[in-house]
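Spelled out, the chains give:
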Amino acid sequence: MPPGDEPTAESFESEATELLESIGRARKKVEGIAGVLDGTLDRYRERIDRLIRESEVDNWRQVRIFTRDVETIAADLGKAVKEKRLSPRLVAWLDAALRKARRRDFYGARKAWRRLDRIAEQGAEVRRLQGRYREAYRSIESRIRQLRTQVERLEKIPKPPTSPEAARAFNESVDRFNEASTAAYLDFLSRARADLAIPLLLDAGQGGGIGVPAPPPGSDPDPLMRLLSNASPQVDTFRGRTFYGLLELPGYSDAKLTHIYGDSRLIRGALDEAWSWLKAIREDERRSLQIQWSEDALMLRRRVPSVVAFLERLGKMNDAADRGRELVTSLNDGRFESLQAAARLYATHGEAAERKWRGALEKDIEAMRKEAAELSAVLKKFTDPAKVESG
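Source: prediction; values computed, not measured.

Within the secondary structure, Ser-253 is located in the loop between helix 11 (243-248) and helix 12 (254-261). Looking at Ser-253, the relative accessible area reads 42%, which means it is partly exposed.

So, about the side chain of Arg-303. As for its position among the elements, Arg-303 is in helix 14 (residues 297-314). Buried charge without a partner: Arg-303 forms no salt bridge, and the closest opposite charge is Glu-295, 4.2 Å away. Setting aside residues no more than four positions away along its own chain, Arg-303 makes contact with Gly-209, Ile-210, Gly-211, Ser-288, Leu-289, Gln-290, Ile-291 and Glu-295.

Here we come to the nonpolar core. Membership of the largest hydrophobic core comes to 60 residues, with the highest contact counts inside it found for Leu-201, Phe-238 and Phe-310. Here this core takes nine residues from helix 7 (residues 164-191), the largest share from any one element. Leaving out residues up to four positions away in the same chain, Phe-310 has contacts with Tyr-185, Leu-200, Leu-201, Ala-204, Ile-210, Val-212 and Leu-289. Membership of the second largest hydrophobic core comes to 55 residues, among which are Phe-12, Ala-26, Ala-120 and Leu-147.

Time to look at a negative patch on the surface. A surface patch of like charges, here negative, comprises Glu-15, Glu-18, Glu-21 and Glu-135. Within the secondary structure, Glu-21 is located in helix 1 (residues 9-30). Relative accessible area serves as the criterion here: at 47%, Glu-21 is assigned to the partly exposed category.

So, about the packing of aromatic side chains. Applying the stated criterion across every chain, the model contains seven aromatic pairs. Judged by centre distance (6.4 Å) and plane angle (65°), the ring pair of Phe-12 and Tyr-137 falls under edge-to-face. With a gap of 125 residues between them, Phe-12 in helix 1 and Tyr-137 in helix 6 (residues 117-155) connect regions that are remote in the sequence. With respect to burial, Phe-12 and Tyr-137 carry one shared label: buried. Seen in terms of ring centroids, Tyr-133 and Tyr-137 are 6.1 Å apart; in terms of plane orientation they differ by 40°. Their pairing is tilted. Of this pair, Tyr-133 and Tyr-137 both sit in helix 6, four residues apart, which is roughly one turn of the helix. Tyr-133 gets classed as buried once you look at its relative accessible area, which sits at 1%. Each residue in the set Phe-12, Tyr-133, Tyr-137 and Phe-382 is aromatic and connected to the rest through ring pairs, giving one cluster. The cationic tip of Arg-45 hangs over the ring face of Trp-113; the distance from NZ or CZ to the ring centre is 4.0 Å. Positioned above the aromatic ring of Trp-357 is the side chain of Lys-159, whose terminal nitrogen or guanidinium carbon lies 5.4 Å from the ring centre.

Before going further, it helps to spend a moment on the packing of helix 7 against helix 15 (residues 320-333). Where helix 7 contacts helix 15, the axes come no closer than 8 Å and their chain directions differ by 145°. The two elements helix 7 and helix 15 meet at a crossing, and its hand is left-handed. The residues of helix 15 that touch helix 7, namely those facing Ser-173, Val-174, Arg-176, Phe-177, Ala-180 and Ser-181, are Ala-320, Arg-323, Gly-324 and Leu-327. Class assignment for the residues of the contact of helix 7 with helix 15 results in five nonpolar, three polar and two charged.

Before going further, it helps to spend a moment on the pattern of salt bridges. Side chains bearing opposite charge may pair, as long as their charged atoms lie close to each other. The full count for this structure, using the stated rule, is 39 salt bridges. For Glu-165, the salt bridge is made with Arg-358, and the minimal N-O distance between the two is 3.6 Å. Residue Glu-165 is found in helix 7, and its partner Arg-358 is found in helix 17 (residues 351-358); the two are separated by 193 residues along the sequence. Residue Glu-165 is classed as partly exposed on the basis of its relative accessible area of 42%. Across the salt bridge formed by Lys-316 and Asp-322, the nearest N and O atoms sit 3.0 Å from each other. Residue classification places Lys-316 among the exposed positions, given a relative accessible area of 65%. Taking the relative accessible area as the measure of exposure, Asp-322 reaches 31% and is therefore partly exposed. Connected through shared salt-bridge partners, Glu-165, Arg-168, Glu-354 and Arg-358 make up one network.

Turning next to the side chain of Asp-195. Along the chain, Asp-195 falls in helix 8 (residues 194-206). Engagement of the side chain of Asp-195 in a polar contact is seen with the side chain of Arg-239, the distance being 3.2 Å. Not counting the four nearest positions on each side in its chain, Asp-195 is found in contact with Leu-228 and Arg-239.

Moving on, we get to unusual backbone geometry. Residues other than glycine seldom take positive phi values, yet Lys-84 does so here, at roughly 60°. Inspection of the secondary structure puts Lys-84 in the loop between helix 3 (63-82) and helix 4 (88-102). You can call Lys-84 exposed: its relative accessible area is 70%.

Rules used in this analysis
Residues numbered from 1 in each chain as written. Predicted model: local features only at pLDDT ≥ 70, side-chain atom pairs only at ≥ 80, totals over all residues. Heavy atoms only, no water. Helix = DSSP H or I, 4+ residues; strand = E, 2+ residues; numbered from the N terminus. Buried < 20%, exposed > 50% of the residue type's maximum accessible area, 1.4 Å probe, protein only. Lys, Arg positive; Asp, Glu negative; His and termini not counted. Salt bridge = Lys/Arg side-chain N within 4 Å of Asp/Glu carboxyl O. Contact = heavy atoms within 4.5 Å. Core = buried A, V, L, I, M, F, W, Y, C linked by side-chain atoms within 4.5 Å. Patch = residues over 30% accessible without salt bridge, like charges linked within 9 Å, V, L, I, M, F, W, Y side chains within 5 Å. Areas by Shrake-Rupley, 256 points an atom, 1.4 Å probe, with all protein chains shown as cover. Charge placed at Lys NZ, Arg CZ, Asp CG, Glu CD. Phe/Tyr/Trp six-rings, centres within 6.5 Å; stacked < 30°, edge-to-face > 60°. Lys NZ or Arg CZ within 6 Å of the ring centre and 35° of its normal. Axes fitted to C-alpha atoms, helices over the stretch in contact; angles between N-to-C directions. Left-handed = near helix turned anticlockwise from the far one by under 90°. Nonpolar A, V, L, I, M, F, W, Y, C, P; charged D, E, K, R; others polar. Polar contact = N/O pair within 3.5 Å; in protein donor to acceptor, adjacent residues only side chain to side chain.

Below is the structure:
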């Protein structure tokens, strides 16, 4: 139900009173005529209607089957009369329709069937009004359950420790740190010499959980490290390549590698041994230094200082290290955890948590309690739909 269209105690009381009066007037027209209100008349009329329609199309075919169907309906009508489920007056017209149909007088059968249209419509009107009353009654019950569920949920929302604006600023500060640290890391990979970058990446990967991938099982960066530490003039060009430049070398032919660097087997062998590690660094380049504001603060208290120290080792490329130091300060003085708790509450409960911070949620809860109490009180004044339908 769209907001603003919820049923109110006043609207339901007015509608329910009017519906019960209408049901009472409609019932008087057919009260005492067995089979009208419970749908028995409609079921027999439907069977006869189907019999007439099918026989009109089939005309003189399968006469024995048609006769059997007529006799079956006639026997069921007789049983309904004996059990007082159908008024004899109604059965008389239904039986007249069957007798005319048996004689293949389908026009006469339809005419006799039509004589019950008015009383069938009166019964359908009672059931329609009862359905509207049932729907209105159940909508109030549903609204009461909804209000009580909302009250129970809203009561459990704690007051956030900081304002929504502070929580949003906290999320933005983490996002800005991630953007700056990723930019600095990518810039380092694309600019720093391999003889400086590879030892630093290896140390970070094997060190304090910074996020740079460590060499996976089966990978051996030692041959590459030995090659990069070779100070011979022939290898100097190789050492001067960037990290991304090293990744391009496997695509070179042996002749090209030999022409530029001297010994292609030595270079290709060193790269092959370390390739899975180099590939892991390349694949995680945009995730390695990032943190999530929702991560455990104790873990971040250990990891963020290591990330900041790593960024400082990369060189002053942007303000990533400064932003990281601000996060370290907030982690140490407890502000990070407070802002983190508030951000979680706002992310989980949305506007309700914001209203809790401003002190407006308690008024909402009280209004819901009041509305539920008013609806419950007015509902007790009216009869349950099942009793209304049973008469």
